[in-house]
Structure formats: C-alpha cells, structure tokens
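Report on the structure
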Amino acid sequence: MGFLNKLFGKTNQEEETTMEKLNIGIILGSTRQGRVSPQVGEWVKGIADQRGDANYEIIDIADFNLPFLGTTDGTEPGITAWSDKLASMDGFVFIVQEYNHSISGALKNAIDFARDEWANKAAGIVSYGSTGGARAAEHLRGILGELQVADVRTHPTLSMFTDFENFSEFKPQDLHQDNMKMMLDQVNAWSGALKTLRFAFSL
Ligand SMILES: Cc1cc2nc3c(=O)[nH]c(=O)nc-3n(C[C@H](O)[C@H](O)[C@H](O)COP(=O)(O)O)c2cc1C
C-alpha cells in the first residue's frame, strides 16, 4: 500500500491511533545521590500538565537499574523495561545536567541501550549547570542526530547560580516560562508530525 493511501485511507481504528494524545517522556538524566533532576523534572511536568495537550510522564533512569552497557549478559529486566518504555513514547524532554562539559555517564549509557526506540521521534532539552548546561545540551544534540531524534531549537537553560538556592533547592526564575511554552509547543508539533510519518512508513 502506498503511503498516501495509508495516510488518507485510514480505518476508524487507525484514525483514532493517530489522533490519540501524544505520550511525551520527561527523562531525568542524572542518577547520583543528592541529584536535583527530580525537582527540575517535576517543574517541567507541572507546566506541561497544565497544557492538557499530551500525556506527560517522568521517566527516571534510576528506576531501571540499567547495568553498564556490555558488562552483563543483558538479561536484567530493567533493560527490557527501558526499551518498552521508550517504545511507548512519541517524544521526549531531556532533563540534562552538565558533567565535565557533557551529559552524565548515566544518561549516555541509557541512551546507548536503545536504537530503534528513539528513531523518528522529537525531543526538547531543558538543561542546567554553571552556564545553563549549554555545553552538555550541545553534546546531546549530536548524539540525538545519530539516533534520528529531531531535537527542537528552543532550549530552556537553567543556571545553578540564579535558579537554585545553595546549588540544591530549585527556585526557577519566571523568565523561563516563555521558553518552556515554546519548547513544549515545538516538541508537540514535531512529535505529532513524526507519529504520522512512523505510521505512514511503518517505521
Ligand atoms: C561529576 C560532575 C561534573 C560536573 N561538571 C560540571 C561542568 O563541567 N560544568 C558545570 O556547569 N557543572 C558541572 N557540575 C555541576 C553540576 O552541573 C551540578 O552539580 C548539577 O546539580 C548536577 O546535576 P544533578 O544534581 O541532577 O546530578 C558537575 C557535577 C558533577 C557531579
């Protein structure tokens, strides 16, 4: 069947599938004791949920107890659970913290555990660090390109100096609200478009 037929000759059930609310995963990129990523993730989810335009869910890498890639026989249940969770998502918001001018090892390891589950989906980045986590976010964009994840332009950057008290209590400035809205608008638009593409081409 040609992809146009597939797009426009949909059954009711297929129509419903592509019209369902999108599933957007908010991925916490850090796993260390004392991490601040859960606070940032909850803030993003709070803003996102108010929109009512998608199903937003926090995905905590720490919950999956992923081993270090290649060091085990690969039968840990968390590996399958991680893959299934990613596969059920249409798009992502990465909560990215800067570790030595890049993303955390935990996030890179978790990203490397999947491939097809990421492809032809959209993502936004919310980062933090001394310079807003900008260097880590730029590294992540390169990784996402390889995985065929369409990362949107708008990128809220949070400062450890002005958006956190004592580098530990998250108190975001109001100025981030506009960027958050724009980033989520873009993630939703691209996630919806790419869902149609995955359907049309059985990707
Ligand atoms: C191993 C390590 C390396 C870090 N390197 C940087 C860095 O290069 N640039 C920066 O802005 N912050 C750096 N930081 C500070 C972190 O951005 C900050 O501690 C942040 O809270 C880490 O996120 P998390 O609390 O969610 O783990 C580093 C922190 C750690 C633990």
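Residues numbered from 1 in each chain as written. Predicted model: local features only at pLDDT ≥ 70, side-chain atom pairs only at ≥ 80, totals over all residues. Heavy atoms only, no water.

Near the ligand, the surroundings consist of 15 residues, among which S30, R32, Y99, Y128 and S130 are the closest. S37 places a main-chain nitrogen or oxygen 3.3 Å from an oxygen atom of the ligand. In this structure, a nitrogen atom belonging to the ligand sits 3.0 Å away from a side-chain N or O atom of E98. Coverage of the ligand by the protein amounts to 74% of the 610 Å² it exposes when considered alone. When the residues that make up the shell around the ligand are grouped by side-chain class, the tally is 4 nonpolar, 7 polar and 4 charged. (Near = heavy atom within 4 Å. Polar contact = N/O pair within 3.5 Å; in protein donor to acceptor, adjacent residues only side chain to side chain. Areas by Shrake-Rupley, 256 points an atom, 1.4 Å probe, with all protein chains shown as cover. Nonpolar A, V, L, I, M, F, W, Y, C, P; charged D, E, K, R; others polar.)

Moving on, we get to the pairing of strand β2 (residues 54-60). One face of the sheet, then the other: side chains in a regular strand alternate in exactly this way. Alignment of strand β1 (residues 22-28) against β2, held across 7 bridges, turns out to be parallel. Bridge assignment links I24 to a residue of β2, and that residue is Y56. This β-α-β element, β1 to helix α3 (residues 37-51) to β2, shows right-handed connectivity. (Pairing = 2+ DSSP bridges. Helix = DSSP H or I, 4+ residues; strand = E, 2+ residues; numbered from the N terminus. Right-handed = clockwise from strand over helix to strand, strands pointing away.)

If you want to describe how two helices pack, look at the angle between their axes and the distance between the axes. Put simply, α3 and helix α7 (residues 176-200) touch, their axes get as near as 11 Å, and they point 65° apart. Relative to α7, the crossing made by α3 is right-handed. The residues of α7 that touch α3, namely those facing W43, V44, I47, A48 and R51, are H176, Q177, M180, K181, L184, D185 and N188. (Axes fitted to C-alpha atoms, helices over the stretch in contact; angles between N-to-C directions. Left-handed = near helix turned anticlockwise from the far one by under 90°. Contact = heavy atoms within 4.5 Å.)

By themselves, these are just geometric observations and shouldn't be taken as functional.
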